[in-house]
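Here is how the chains run, residue by residue.
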Amino acid sequence: AQRGGAAGEYFVALDAKGRVLVALSHAAGEEVQLRAYVHALYLARHADVAVVAAAGAAGGGGGSSGVKALVDASERWVRGGYGAWLGGVEAAGWSSAGASLPRAAWTGKWG
């Protein structure tokens, strides 16, 4: 699987079956949780199942340049486009405050 995430606060992974997996740091606050969720949605929306399947058939899921390119593109979007997306959501009347996932089931500690 190819992985991406924000400075160790969370990780997103795209596996050989096209599933997007998310792991949140135990210390991840509401903003990080929302960012991770939106990052995962970006990957899911843009994942090309054929590219992911080809990567899995190659034995390891991480060898495909197509999958790596997708994960890299998602990282660029999160760094450059997420803020604008969030601003648009808030301008439309939505509040990002209080957006969080159940703590015990969705977080982990890593060093």
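About the cut-offs
Residues numbered from 1 in each chain as written. Predicted model: local features only at pLDDT ≥ 70, side-chain atom pairs only at ≥ 80, totals over all residues. Heavy atoms only, no water. Helix = DSSP H or I, 4+ residues; strand = E, 2+ residues; numbered from the N terminus. Buried < 20%, exposed > 50% of the residue type's maximum accessible area, 1.4 Å probe, protein only. Contact = heavy atoms within 4.5 Å. Areas by Shrake-Rupley, 256 points an atom, 1.4 Å probe, with all protein chains shown as cover. pLDDT = per-residue confidence, 0-100. Salt bridge = Lys/Arg side-chain N within 4 Å of Asp/Glu carboxyl O. Core = buried A, V, L, I, M, F, W, Y, C linked by side-chain atoms within 4.5 Å. Pairing = 2+ DSSP bridges.

The name an unreviewed UniProt entry assigns to the protein chain is Root UVB sensitive protein C-terminal domain-containing protein, from the organism Monoraphidium neglectum.

Some words on the overall build of the protein chain
Summing up its helical and strand segments, the protein chain has 5 helices and 4 strands in all. Order of helices (α) and strands (β) in the protein chain, N terminus to C terminus: β-β-β-α-α-α-α-α-β. Sorting the 111 residues of the protein chain into buried and exposed places 31% on the buried side. Considering only contacts within the protein chain whose residues lie at least 6 apart along the sequence, 62% involve residues at least 24 apart. In the form shown here, the protein chain has an accessible surface area of approximately 6400 Å², with 58% of it arising from carbon and sulfur atoms.

With respect to the confidence of the model for the protein chain
Averaged over all residues, the pLDDT of the protein chain equals 77, while 67% of them reach at least 70. Within the protein chain, the lowest mean pLDDT, 51, falls on strand E1 (residues 2–4), and the highest, 93, falls on helix H4 (residues 82–91).

Side note on the pattern of salt bridges
Tallied over the entire structure, the rule returns 2 salt bridges. Across the pair Glu 31 and Arg 35 runs a salt bridge, and its minimum N-O distance is 3.0 Å. Taken as a pair, Glu 31 and Arg 35 lie in helix H1 (residues 30–46) at a separation of 4 residues, close to a single helical turn. With a relative accessible area of 39%, Glu 31 lands in the partly exposed category.

Section: the nonpolar core
With 14 residues, the main nonpolar core has Tyr 10, Val 12, Leu 14, Leu 24, Leu 43 and Leu 70 as its most contacted residues. Every element with two or more residues in this core is listed here: strand E2 (10–14), H1 and helix H3 (65–80). In contact with Leu 70, not counting residues within four places along its chain, are Leu 14, Leu 43, His 46 and Ala 47.

Brief notes about the pairing of E2
Across the 5 residues of E2, 4 count as buried, placing the element largely inside the fold. The sheet contact formed by E2 and strand E3 (residues 20–25) spans 5 bridges and is antiparallel. Within E3, the position partnered with Ala 13 by the bridge is Leu 21. Once E2 ends, the chain turns through 5 residues before running back antiparallel as E3, passing Gly 18 with a positive phi of about 85°.

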